[in-house]
Amino acid sequence: MIKHRLAALFVVLLQFLCPAWSQPFPNYHAEFVDIEEKGTDLKWWQTGAFYQIYPRSFKDSNGDGVGDLNGIAAQLPYLKEIGITATWLSPIFTSPMADFGYDIANFTEIAPIFGSMADFENLMVVAKKLDIKIILDFVPNHSSDECEWFRRSAAGDPEYKDYYVWHPGHMENGNRRPPSNWISVFRGSAWQWHEGRQEYYLHQFVKKQPDLNYRNPKVREAMNNVLRFWLAKGVSGFRIDAVPHVFEIGPDAHNQYRDEPRNDWNNDPEDYGYLQHIYTVDQPETIDLVYSWRAVLDAFQRENGGEERILMAETYSPIDIVMRYYGNATAEGAQLPFNFLLISEISNSSNAHAYEDTIQKWLQNMPKGRIANWVLGNHDKPRVGSRLGTDRVDMLNMLTSTLPGASVTYQGEELGMTDVWISWKDTVDPSACNTNPKIYEQYSRDPERTPFQWSDAQDAGFSNASKTWLPIALDYKQVNVELERQKPLSHLNVFKQLWQLRRQSRTLQRGETEVKALSDSVLAVKRSLEHESTLLTLINIFDGVETINLQQTFKNLPPQLKVVLVTERSHFKVGDLINSTSLQLQPKDSLILEATSSYYGYATNGEFRLLPVLGVYLWLAQVALYLSSR
């Protein structure tokens, strides 16, 4: 009887003492955690690791110096090894390659340089076995001028006559002039005279890429059928290329196009930046068109079942416009409008406050219930290692893998590959070739497109050709997959550890996010989820040693934190326990910390509290001793 009374007293004392030994621990939740609260699973893409493959440069299987589909299929196990959920392939379709595949002659054929439809179907089989999703590039703005649609349109075929944007132009002093002053992204007039049809056609990119006319319902349905064709082949979605350009303003009542105003800061009339593009990008109809493509994907899923197919939209538009691509109250849009803010707003000199502002800009503008995404690089922008420094590669991969939502990695960024200088003689990018030897480097995208570095063998293990389509980087013997696999804290192995942690951590998948600049140099990301470990990502952006007190910024942290992931720049080791009030970061250091198990979490009166485990154990031991002595 006495023992029962003592046990009851023990329970009462525990309820009384726990609040005194604990501290409030608010239950933070990001908006997208509503998924968990409704008892549903996360969809495959919502925390996905996406990986962009530029097929020409990934792996050459037949020795012609150009990457291909069989090369991709052979190396898909590598993507599985590093934790990739889905891979997006830049265009693989029939093309004269004026813009290396973005000038498509047939939207439902495989370009022979990449292989055959049988090779693509084999790739899909391999991907399915490895549980890696395949995302294709969808290029809706234009076709190639060698496309059958354009040839028939130029010939005046009634069925295709209005598939493209045609206009006779106007006469000025006895000379025929283009319909407007619009400028191509690749320099010069966006209008090209066609001798056969005796009219100009619009091309917002190179002249071999005539713009499709989406004011024609036949064009819209033809492109819908392109989506359906590849969905039937088993792809899991599409990355939509150059979305803002798809619509341009229509002609006025007199069938004339309005000129765009010029920018005072640019004095080169051939340069795209010479004009303010108020009539040729971000037109209202573009958003609705993306919604209609989403409807095609959703209808296919309803009819055929399976996991959700997704749209990823490429747009560098103002943030308010980008957010509209997600959808609205009545229509769904792209699941992932690309977030390029870390590319467009972060520079080598950006401090931690700039990083915080950039991250918050997306999170605070994102509509409720939508999923964030983070993009560090792609085939059109200088590589992270060249843009922000090879000594920041790990910290940036750490940042994007621990922020909420999905992330997109461009091939080679996991290795720390950098841009390669390409001579004018070897330059092939039309963006640069349309300029001259004095200025081509500022326009060229070739430096970030060089072949992937697999090993220190010939051609970096990419090919066995006597010459590759672009030169191999000079540092390939020091930066390659085989070598980095052997170094525990190489860029590659840090990347693999990050995505392993991401897959294992419910906190990283579903948790609340706090982003804080602790100083000009140090950025912290705190991820927390009720009943799960709290994780903190810390990055020291600059070259000074920084000492920080996490308790001053974040509530409810225990006195000690455990190190769970480090880079080679850190003095800490995984498993170390560090003082949360005095933590020293080395120059360009980055690490992930976990709230240790020295506190026991429990719920009471709607609050989550932390109880020192050591105190509980000592008290229980005393009670046990007392009871045993009785």
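Before reading on, note that the structure itself is shown above.
Residues numbered from 1 in each chain as written. Predicted model: local features only at pLDDT ≥ 70, side-chain atom pairs only at ≥ 80, totals over all residues. Heavy atoms only, no water.

**Student:** Quick rundown of the pattern of salt bridges? Include the residues and the values.
**Tutor:** Under the definition given, this model contains 33 salt bridges. Between Lys588 and Asp543 there is a salt bridge; the shortest N-O distance is 3.2 Å. Placement of Lys588 in the loop between β23 (583–585) and β24 (590–595) and of Asp543 in the loop between β19 (535–540) and β20 (546–548) is noted, with a sequence separation of 45 residues between them. Here Lys588 falls in the buried class, since its relative accessible area comes to 6%. Its relative accessible area of 56% is what places Asp543 among the exposed residues. Put simply, Lys43, Arg294, Asp298, Glu308, Glu332 and Arg370 are held in one network by salt bridges that share partners. (Salt bridge = Lys/Arg side-chain N within 4 Å of Asp/Glu carboxyl O. Helix = DSSP H or I, 4+ residues; strand = E, 2+ residues; numbered from the N terminus. Buried < 20%, exposed > 50% of the residue type's maximum accessible area, 1.4 Å probe, protein only.)

**Student:** Which residues make up the environment of Val564, and what are the values?
**Tutor:** Examined against the element boundaries, Val564 turns out to sit in strand β21 (residues 560–566). For Val564, a relative accessible area of 22% corresponds to the partly exposed category. Taking the C-alpha atoms as reference points, Val564 and Leu593, 29 residues apart in sequence, are found 5.6 Å from one another.

**Student:** So what's going on with the sheet that holds strand β11 (residues 199–202)? Which residues, and what values?
**Tutor:** Taken together, the 3 strands give an open sheet; going across it, the order is β7-β11-β10, and neighbouring strands pair in antiparallel fashion. The open sheet terminates on both sides in strands that have one partner only, identified here as β7 (166–167) and β10 (191–194). One ladder, built from 4 bridges, connects β10 with β11; its direction is antiparallel. Paired with Gln192 across the bridge in β11 is Tyr201. (Pairing = 2+ DSSP bridges.)

**Student:** Please set out helix α7 (residues 284–304) residue by residue, giving values where relevant.
**Tutor:** The end-to-end C-alpha distance of α7 is 32 Å, a good match for the 30 Å that 21 residues give at a rise of 1.5 Å each. Burial in α7 covers these residues: Thr286, Ile287, Leu289, Val290, Tyr291, Trp293, Arg294, Val296, Leu297, Asp298, Ala299 and Phe300. Those residues of α7 that are buried are in contact with β6 (133–138), α6 (217–232), β12 (237–240), β13 (310–313) and α8 (319–324). Backbone geometry just downstream of α7 places Gly305 in the positive-phi region, at approximately 75°. (Expected span 1.5 Å × (residues − 1). Contact = heavy atoms within 4.5 Å.)

**Student:** Report on the sheet that holds strand β17 (residues 512–517), specifying residues and quantitative values.
**Tutor:** Read from one edge to the other, the open sheet built from 6 strands follows the order β17-β18-β19-β24-β21-β22, with strand pairing classed as antiparallel. Of all the strands in the sheet, the pair left with one neighbour each is β17 and β22 (577–579). For this sheet the average axis-to-axis angle between neighbouring strands, irrespective of direction, equals 30°. Note: β21 against β24, 5 bridges, orientation antiparallel. (Axes fitted to C-alpha atoms, helices over the stretch in contact; angles between N-to-C directions.)

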